[in-house]
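Here is how the chains run, residue by residue.
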Amino acid sequence: MIVIFSGSSGVGKNTVINELIKDEVGILMPTFTSRQPRNGETEGVPYYFVSQSKFKQMINRDEFYEYEFIHGKNYYGTHKTTIDRLSQEGSVLLKDIDVLGAMNLQKLLKNKIKVLTIYLHIDKNTLIERLRGRGETDIEDRLKRFDFEFSFSDKYNIVIENIDLAKTVEICKKVIEEYKNV
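The rules behind the values
- Residues numbered from 1 in each chain as written.
- Predicted model: local features only at pLDDT ≥ 70, side-chain atom pairs only at ≥ 80, totals over all residues.
- Heavy atoms only, no water.
- Helix = DSSP H or I, 4+ residues; strand = E, 2+ residues; numbered from the N terminus.
- Rg over C-alpha atoms; globule rule 2.2 N^0.38 Å.
- Buried < 20%, exposed > 50% of the residue type's maximum accessible area, 1.4 Å probe, protein only.
- Contact = heavy atoms within 4.5 Å.
- Areas by Shrake-Rupley, 256 points an atom, 1.4 Å probe, with all protein chains shown as cover.
- Pairing = 2+ DSSP bridges.
- Axes fitted to C-alpha atoms, helices over the stretch in contact; angles between N-to-C directions.
- Arc of directions from axis to C-beta.
- Left-handed = near helix turned anticlockwise from the far one by under 90°.
- Nonpolar A, V, L, I, M, F, W, Y, C, P; charged D, E, K, R; others polar.

S.K.: How should the overall build of the protein be read in this particular structure?
M.R.: Scanning the protein for helices and strands turns up eight helices and ten strands. Scaling as 2.2 N^0.38, a compact globule of 182 residues should have a C-alpha radius of gyration of about 16 Å, and the protein matches this with 16 Å. With 182 residues in all, the protein has 52% of them scored as buried. Of the contacts made within the protein by residues no fewer than 6 positions apart, 67% connect residues no fewer than 24 positions apart. Of the roughly 9,300 Å² of accessible surface on the protein, 48% is carried by carbon and sulfur atoms.

S.K.: What is the right way to look at the sheet that holds strand β7 (residues 74–79) in this model?
M.R.: Across a sheet, paired strands are connected by hydrogen bonds in the backbone, their directions being either parallel or antiparallel. Sheet architecture is open: five strands sit in the order β4-β5-β3-β7-β6, paired in mixed fashion. Strands with a single pairing partner mark the edges of an open sheet, and in this sheet they are β4 (42–43) and β6 (64–70). Along the sheet face, helix α2 (residues 52–60) touches β3 (31–33), β6 and β7 and points at about 40° away from the line of β7. Packed on one face of the sheet, helix α3 (residues 80–88) meets β3, β6 and β7 and runs near 35° to β7.

S.K.: Just to check I follow, could you spell out the side chain of S8 for this structure?
M.R.: Take S8: it is sitting in the loop between β1 (2–6) and α1 (13–22). Not counting residues within four places of it along the chain, the set of residues in contact with S8 comprises K13, Y119, L120, L127, F146 and E149.

S.K.: Whenever I open this one, α1 confuses me. Can you help?
M.R.: Three- or four-residue spacings in an α-helix give side chains the same orientation, since the helix completes a turn every 3.6 residues. Of the positions making up α1, those classed as buried are K13, V16, I17 and L20. For α1, the angular spread of buried residues about the axis comes to 100°, placing them on one side. One or two steps after α1, the chain reaches E24, where phi turns positive at roughly 60°.

S.K.: So what exactly am I meant to see when it comes to the pairing of strand β9 (residues 115–121) here?
M.R.: Consecutive side chains of a regular strand alternate in pointing toward one face of the sheet and then the other. Here β9 lies mainly inside the structure; seven of its seven residues are buried. Of the two faces of β9, the one holding V115, T117, Y119 and H121 and the one holding L116, I118 and L120 are both buried throughout. As paired elements, β9 and strand β10 (residues 158–161) share four bridges and run parallel to each other. Bridge assignment links Y119 to a residue of β10, and that residue is V159.

S.K.: Got a minute to help me understand the packing of α1 against helix α8 (residues 165–180) in this structure?
M.R.: For any two helices packed against each other, one specifies the inter-axial angle together with the distance between the axes. Contact geometry for α1 and α8: axes closest at 10 Å, N-to-C directions at 65°. Two packed elements cross with a definite hand, and for α1 against α8 that hand is right-handed. Along the contact surface, α1 presents T15, V16, E19 and L20, while α8 presents L165, T168, V169, C172, K173 and I176. Residue classes in the contact of α1 with α8 are distributed as six nonpolar, two polar and two charged.

S.K.: How do you make sense of the sheet that holds β1 when you look at a structure like this?
M.R.: Strand order in this open sheet of five strands is β2-β8-β1-β9-β10, and the pairing throughout is parallel. Two strands lie at the open edges of the sheet, namely β2 (27–28) and β10, each paired on one side alone. Note: β1 against strand β8 (residues 93–96), four bridges, orientation parallel. Directly across from I4, in β8, lies its bridge partner K95. The sheet strands contacting α1 are β1, β2, β8 and β9, and the helix crosses β8 at an angle near 165°. Against the sheet, α3 engages β1, β2 and β8, with an angle of about 150° to β8.

S.K.: Can you help me understand the pairing of strand β5 (residues 46–49) in this one?
M.R.: Note that β3 and β5 share three bridges and pair parallel. In the strand pairing of β5, F32 is matched with Y48. With two bridges joining them, β4 and β5 adopt parallel strand pairing. Note that in β5 the partner of E43 across the bridge is Y47.

Shown next, in the form of structure tokens:
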């Protein structure tokens, strides 16, 4: 089973995923990206970092289920071999992915693996505070996608207002457990 988390940059997707991992709800499904690591990120947690040219080579070799070029700057993609290997082990895979990638991945995997989609949301003012708090320098670029991303929220299994981390994590645990048994 794969659990896809989407929402605006800064909404807390990776924070929620990290809490679920601590509580042994699932394991991280790393994404490949061509961007540079941020503070606290290491290879494989939560991304595999490659150059743009390497990413393009991987695209040409058809190594991704899906990929997107985000903010006109960097590639992000879901690697086929990685997801196939981890899903065969019976793990609950937790993945942070943008809305277009989520829609594509859901279509591609629907007959292969159970897919649960969770959209995390907060208001713009809270988002701006969080982005500033993590030292984000291109807040305007992030806000440009806010309404676009939210326009997809009705296509998700559940939308959660991520105001209180503990409450959000508990809701996610409950929904994941229920979905596993469907």
